[in-house]
Amino acid sequence: MPKKKFVYSFGAGVAEGDGTMKELLGGKGAGLHEMTKIGLPVPAGFTITTEVCDLYYKSGKLWPEGLEKEVQKHLKDLEKTTKKTLGDPNDPLLVSVRSGAPVSMPGMMETILNLGLTDASVEGLAAKTGNRRFALDAYRRFIMMYGSTAMGIEREEFDNAFNAIKEKMTRPRLKAASGQKINDTDVNEEELDALIKSFKKIYRERIKADFPQDPYEQLKGAIDAVFNSWMADKAVTYRKVEKLVGIKGTAVNVVQMVFGNKGDTSGTGVCFTRDPNSGENLFYGDYLVNAQGEDVVAGIRTPIKLAELDKRNPKVYKQLVDIRRKLEKHYRDMQDLEFTVEENKLYMLQCRTGKRSPIAAFQIAVDLVKEKLITKEEAVLRIKASDIEGIFYPMIDKSNPAELKKAFIVQGIDAVPGAATGKVVFNAKTAEDWAAKGEKVILVRKETSPEDVGGMHAAQGILTATGGKTSHAAVVARGWGKSCIVGCEKLDIDYEKGTFSVDKTVIKEGDYVTLDGGTGNVYIGQLKLIKPQPPKAYTTLMSWVDKIRTLKVRTNADTPYDAEKARELGAEGIGLCRTEHMFFDSEERILAIREMIIADDVESRKKALAKLLPFQTKDFEGIFKAMDGLPVTIRLIDPPLHEFVPHDEEGQKALADAVGVPLEKVVQRVEQLHEANPMLGHRGCRLTITYPEILDMQVTAIISAACNMTKKGVKVLPEIMIPLVIDDKELKILEVRTREVANAIIAKSGLTLGYMVGTMIEVPRAALLADRIGNVAEFFSFGTNDLTQMTLGLSRDDAGKFLPDYVDEKKAGIFKADPFQSLDQDGVGMLVRMGIEKGRTSRPKLKIGICGEHGGDINSVKFCHRVGMNYVSSSPYRVPISRLAAAQAVVEDALAAKKGQKKRGRPAKSVATSAAAKKTSAKATATTEKRTRGRPRGSKNK
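Residues numbered from 1 in each chain as written. Predicted model: local features only at pLDDT ≥ 70, side-chain atom pairs only at ≥ 80, totals over all residues. Heavy atoms only, no water.

1. Let's talk about unusual backbone geometry
Not every positive phi belongs to a glycine, and lysine 61 is a case in point at roughly 65 degrees. As for its position among the elements, lysine 61 is in the loop between α2 (50-58) and α3 (67-82). Accessibility expressed as a relative area gives 45% for lysine 61, which makes it partly exposed. One non-glycine residue, asparagine 114, lies in positive phi territory at about 65 degrees. Residue placement: asparagine 114 occurs in strand β7 (residues 111-115). On the basis of relative accessible area, asparagine 114 is assigned to the buried category, the value being 0%. (Helix = DSSP H or I, 4+ residues; strand = E, 2+ residues; numbered from the N terminus. Buried < 20%, exposed > 50% of the residue type's maximum accessible area, 1.4 Å probe, protein only.)

2. Some points on helix α21 (residues 560-568)
All of the buried residues along α21 are Ala563, Lys565 and Ala566. Down the axis, α21 shows its buried residues gathered within 165 degrees of arc, on one side only. Across from the buried face of α21, at angles greater than 90 degrees, the exposed residues are Tyr561 and Glu568. Glycine 570 sits one or two positions beyond α21 and adopts a positive phi of about 105 degrees. (Arc of directions from axis to C-beta.)

3. Description of the packing of helix α1 (residues 22-37) against helix α12 (residues 314-331)
Packing of α1 against α12 brings their axes to within 12 Å, and their N-to-C directions diverge by 115 degrees. Considering their axes alone, α1 and α12 lie roughly perpendicular with respect to each other. Viewed along their axes, α1 and α12 form a crossing whose handedness is right-handed. Here Ala30, Gly31, Glu34 and Met35 of α1 come into contact with α12, specifically with Leu327, His330 and Tyr331. (Axes fitted to C-alpha atoms, helices over the stretch in contact; angles between N-to-C directions. Parallel < 35°, antiparallel > 145°, perpendicular 65-115°, else oblique. Left-handed = near helix turned anticlockwise from the far one by under 90°. Contact = heavy atoms within 4.5 Å.)

4. Thoughts on the nonpolar core
One finds Leu541, Phe620, Phe624, Ile703, Phe782, Val832 and Met869 to be the most contacted residues of the largest nonpolar core, which totals 102 residues. Ranked by the residues each element gives to this core, the list is headed by helix α27 (residues 692-711), at 9 residues. Contacts of methionine 869, omitting those with residues within four sequence positions, involve Leu551, Phe782, Val832, Ile836, Ile848, Gly849, Ile850 and Cys864. The next biggest cluster of nonpolar side chains, apart from the first, holds 87 residues, and it includes Phe46, Cys53, Ala135 and Ile202. (Core = buried A, V, L, I, M, F, W, Y, C linked by side-chain atoms within 4.5 Å.)

5. Quick notes on the side chain of histidine 33
By secondary structure assignment, the location of histidine 33 is in helix α1. Residue classification places histidine 33 among the buried residues on the basis of a relative accessible area of 0%. Within polar-contact distance, the side chain of histidine 33 engages the side chain of threonine 47 at 3.2 Å. Beyond its immediate sequence surroundings of up to four residues, histidine 33 is in contact with Tyr8, Ser9, Phe10, Ala15, Glu16, Gly17, Asp18, Leu25 and Thr47. (Polar contact = N/O pair within 3.5 Å; in protein donor to acceptor, adjacent residues only side chain to side chain.)

6. Digging into the pattern of salt bridges
Scanning the entire structure with this criterion turns up 66 salt bridges. A salt bridge links aspartate 433 to lysine 429; the shortest N-O distance between them is 2.8 Å. Here aspartate 433 and its partner lysine 429 are both found in helix α17 (residues 428-436), 4 residues apart, which amounts to about one turn of the helix. With a relative accessible area of 32%, aspartate 433 lands in the partly exposed category. A relative accessible area of 53% means that lysine 429 is categorised as exposed. Of the charged contacts, one joins aspartate 638 and arginine 635 as a salt bridge, the two residues approaching to 3.8 Å between their closest N and O atoms. The burial state of aspartate 638 is the same as that of arginine 635; both residues are buried. Via salt bridges that share partners, Asp137, Arg140, Arg141, Lys166 and Asp184 belong to a single interconnected network. (Salt bridge = Lys/Arg side-chain N within 4 Å of Asp/Glu carboxyl O.)

7. As for the sheet that holds strand β6 (residues 95-100)
In a beta sheet, neighbouring strands pair by backbone hydrogen bonds and run either parallel or antiparallel. With antiparallel pairing, 6 strands are arranged side by side in an open sheet as β2-β1-β3-β8-β6-β7. Whereas interior strands pair on both sides, the edge strands pair on one side only; in this sheet they are β2 (14-15) and β7. Pairing analysis gives 3 bridges linking β6 to β7, with the strands arranged antiparallel. Within β7, the position partnered with valine 97 by the bridge is isoleucine 112. Of the strands in this sheet, β1 (7-11), β2, β3 (45-48), β6 and β8 (251-256) are in contact with α1, which crosses β1 at around 30 degrees. (Pairing = 2+ DSSP bridges.)

8. A few points about the pairing of strand β19 (residues 461-464)
Side chains of β19 alternate between two faces, with Gly461 and Leu463 and Ile462 and Thr464 buried alike. Note: strand β18 (residues 441-445) against β19, 4 bridges, orientation parallel. Among the inter-strand pairings, valine 444 is bridged to a residue of β19, identified as leucine 463. When β19 meets strand β20 (residues 483-486), the two strands line up parallel, connected through 3 bridges. Bridged to isoleucine 462 within β20 is cysteine 484.

9. Some details on the confidence of the model for the chain
For the chain, mean pLDDT is 89; residues scoring 70 or higher make up 94% of the total. Segment residues 927-932: pLDDT under 50, and 7 contacts once partners within four positions in sequence are set aside and those in other chains are kept. Contacts from residues 934-942, a stretch scored under 50 in pLDDT, to residues over four places away or in other chains number 15 contacts. (pLDDT = per-residue confidence, 0-100.)

10. Some remarks on a nonpolar patch on the surface
A cluster of nonpolar residues, Phe802, Tyr806 and Ile814, forms a patch on the protein surface that exposes about 270 Å² of accessible area. The topology assignment puts phenylalanine 802 in the loop between α31 (784-792) and α32 (803-807). Overall, the relative accessible area of 35% leaves phenylalanine 802 in the partly exposed class. (Patch = residues over 30% accessible without salt bridge, like charges linked within 9 Å, V, L, I, M, F, W, Y side chains within 5 Å. Areas by Shrake-Rupley, 256 points an atom, 1.4 Å probe, with all protein chains shown as cover.)

11. Overview of the packing of helix α23 (residues 602-626) against α27
Put simply, α23 and α27 touch, their axes get as near as 8 Å, and they point 35 degrees apart. In this structure, α23 crosses over α27, and the sense of that crossing is right-handed. For the pair α23 and α27, the contacting residues are Val602, Arg605, Lys606, Leu609, Leu612, Leu613, Gln616, Thr617, Phe620, Glu621, Phe624 and Lys625 in the first and Glu693, Ile694, Met697, Gln698, Thr700, Ala701, Ile702, Ser704, Ala705, Ala706, Asn708 and Met709 in the second. Grouping the constituent residues of the contact of α23 with α27 by class yields 13 nonpolar, 6 polar and 5 charged. (Nonpolar A, V, L, I, M, F, W, Y, C, P; charged D, E, K, R; others polar.)

Rendered as structure tokens:
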């Protein structure tokens, strides 16, 4: 068996890897290999694969056998290519050691630059370049990065030492005023010498050893540091937030150093081939003169706009523009590029698919289709659920310009669009703590670092004093759709006092501010935010989505308002209308349901229910009107009765007075209703078995409303859903009673009205007996909230105390995601699949949907498509996400089929053909359903 290859080289126009090898070489590594292959100016280097990272952790943080030998071989090849030697005291090879996961994780893992510098080689570099200040600047950066990244020394210690040198030596020499900023580039050769001694002293005190002078020891330590950063808290948090699972680890890229800090003819930049905020086809980015790469990303200095490079160095800028065109055409997507200019020579250091705002995601996808670079199907696959959520970013209500003018504090750089309002906090931990208590916060920092990632995610928006549009804060915020303003240099932030000030205006921690990420404006106070209209590109792309998908998308809605909103967002019916929510709509209603619960006999209960009947009828009329021509699934009462009664003495006394019964009777009844485990208690269809008069009232309200609206010309398609069924006999009792009540009302009205009676499959026994239940039910709706609880034996309300450990890859890592948010396809999914297959053995055209929260989760919807459901149902604002997921499932299936048929040598069907076939099948189901609705309701499908 051939030995596994751990290291891949690139350089001098030749590369062992390519752009398709992201899983193995990571995004950065694959980009470097691909750019080398297509002839771009890329420094030489080698990539250690992601598989090594996986083996490193499996073997207790030890290098796998054979890795060291490969690293040494590829290092020798790199020395041969560059004609330099690592550690040479006269002309040293220096390298960067950088992370690179298969998916972009900006700033979450480590980078070390200028590796190979020692006390001896720094003087050789100074002599070779004739620029001792540059060599010393490179050495101080290396000691700081190696010390903090590889050895765990707090970065702040190095920063404080640097600030001390600036204050004690640089400021007096420059005769700078006390308020004047001292830049890193102001520090001279003598001061850098003193700084290096200070840094080495910090290293020695913290590590109890001198800074390593063996370059190979440095290299091994740096490679370990990159692997260790894969499981750092910030990286784990980022993967959790982004729901990135199943990734082996990070690759390590060892690349020849090129230097942007050699003076005014050198610099470093980050750019995007299109505007990542708007999606406009404009070259967009930041450039820092006389700087190294981390200066731009860290946001330590505020850069100039990329267009300024054209004025400073038109030759390099033209070359960069040509590379932009070449790479975008090659990768057929917007690219995020890092580059360095060393003494007027351009080098490309990174090429990866660029993070973009939600608006930009839609605009770029649609534009690339127009430019014939990608297909409509590819465009659909490129949109994420978070892109759809972000399209509805809030904006500041600008109807009162005078109020805005009065509240204005300062303007920074508009890094990420959208508005946010919240209480000011100055560190990530506070942001997380306050957000956990329900507070909306704005995180204010001088600059953000990857350690702030948890607080950034918790915050509504981010405001920094430094940085540009490609700084860490901007890139991470953009990926999460967070309003972000950077480079707000007029902010004077005092972490100790917990304040920031602009001129005479002082904002304390806990004060409200509002950010306008579209303009860069910061306002004092809590301004009113409004929802925007989606851009034209969103409408265009979603029209492609609807043509591709075969799975219908309904909504969970209990009011006419929710129904109308969902219909605006593309809902094709209601998959779950919870009747019990209507009982809480007014004092009169809640009193009537409580009176029914307190009642001793059937007649008293019917009398109380009669008071609810007109309310429920009116509610259903509103919903039927809003859903004119679309199906509406109404679930009969589900929660246990104890949820409707007061549990405090004051509330019980008020109920006794209102109903006219002794307080003792109310107290006694409430105690009778108490259950040790109400989730598994007297609820759902069990209530209507015990109290059939509740079913009578609800069915009467549904069918009466349907008849009333039919008379008004509204097309009504009611579906009555009986919850929590465990047996076909149980369902049959309730189905017969439902039809008796419904058919009597329809006969009396003189109308022809079709309706369906079905059930929720939410108890494991129901899924196991679905063939028997399918003989009675005309449709199934999987209630996956309860089905998940009962299958896993987990209470959704209590599992929060320990479930995070089951999801956390640093702990148990049993689930890839929270099973209450994303369907457990292995366990619960097996029951769903079984329920569908068994149900359709009894009723081949059985209509099947899902109405739990999973109906709005992108991966769960794709599962529903693949197991043959007819529809999913989600909350109104998740409807567009469900539509997108349904379309992506069709495209992904077609691509998988094409791949499989290619292997077998058969021609593959197109996505359009596949979708058309499924739509024909769906149409046949709908026709059967229509026939079912049209026949007399005493019979059922055979």
